[in-house]
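# Chain and residue survey
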Amino acid sequence: MGWPAGATAIVSPSGYAHLPGCFHLTESILAAPQYGWVTEPVSGYHVTYAQPLRATAGNCDRVATKSCPTCFD
């Protein structure tokens with residue numbers, strides 16, 4: 001499966017947003033229905049509790065309130 005087609009960010013069940021190329025997201029993790037992803041551009045987006053990032057595909061119940069420190073550097 002790999003990174004979902006058209007996804008610009010992944011939203012994890014723990015509320016973290018991840019960008020393409022984040023090394024700790026494996027295909028088996030992304031294939032699970034527990035992750036959501038965003039299909040709109042997120043370049044320059046700062047994810048916070050006040051400015052959350054809501055999944056628009058996959059599991060649309062997911063909302064990120066924190067950025068992955070590895071890939072949102």
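Structure's up top.
Residues numbered from 1 in each chain as written. Predicted model: local features only at pLDDT ≥ 70, side-chain atom pairs only at ≥ 80, totals over all residues. Heavy atoms only, no water.

What follows concerns the overall build of the protein. Looking only at helices and strands, the protein features one helix and seven strands. Listing each helix as α and each strand as β along the protein from the N terminus yields β-β-α-β-β-β-β-β. A compact globule built from 73 residues would reach a C-alpha radius of gyration of about 11 Å, and the protein, at 11 Å, matches this within 12%. Principal-axis analysis of the C-alpha atoms places the extent of the protein at approximately 30 × 25 × 20 Å. When contacts within the protein are restricted to residue pairs at least 6 apart in sequence, long-range pairs at least 24 apart make up 53% of them. (Helix = DSSP H or I, 4+ residues; strand = E, 2+ residues; numbered from the N terminus. Rg over C-alpha atoms; globule rule 2.2 N^0.38 Å. Contact = heavy atoms within 4.5 Å.)

Time to look at the environment of serine 12. Since its relative accessible area comes to 3%, serine 12 is described here as buried. As a C-alpha pair, serine 12 and tyrosine 45 span 33 residues in sequence and 17 Å in three-dimensional space. Discounting residues that sit within four places of it in the chain, serine 12 has contacts with His18, Tyr35 and Arg62. (Buried < 20%, exposed > 50% of the residue type's maximum accessible area, 1.4 Å probe, protein only.)

Let us now look at the side chain of asparagine 59. Looking at the element boundaries, asparagine 59 is found in the loop between β5 (57–58) and β6 (63–64). Assessed through its relative accessible area of 17%, asparagine 59 is described here as buried. Within polar-contact distance, the side chain of asparagine 59 engages the backbone oxygen of proline 33 at 3.4 Å. Excluding its chain neighbours within four sequence positions, the residues that come into contact with asparagine 59 are Pro33, Gln34, Tyr35 and Gly36. (Polar contact = N/O pair within 3.5 Å; in protein donor to acceptor, adjacent residues only side chain to side chain.)

A sheet is described by the order of its strands in space; here five strands give the open sequence β5-β3-β1-β2-β7, paired in mixed fashion. Pairing within the sheet leaves two strands with one partner each, and these edge strands are β5 and β7 (66–67). Of the pairings in the sheet, the one linking strand β2 (residues 16–18) to β7 comprises two bridges and is parallel in character. Directly across from alanine 17, in β7, lies its bridge partner serine 67. (Pairing = 2+ DSSP bridges.)

Topologically, valine 63 is positioned in strand β6. For the pair valine 63 and leucine 19, spaced 44 residues apart in sequence, the C-alpha separation works out to 14 Å. For valine 63, the contacting residues outside a window of four places in its chain are Val11, Gly15, Pro52, Leu53 and Arg54.

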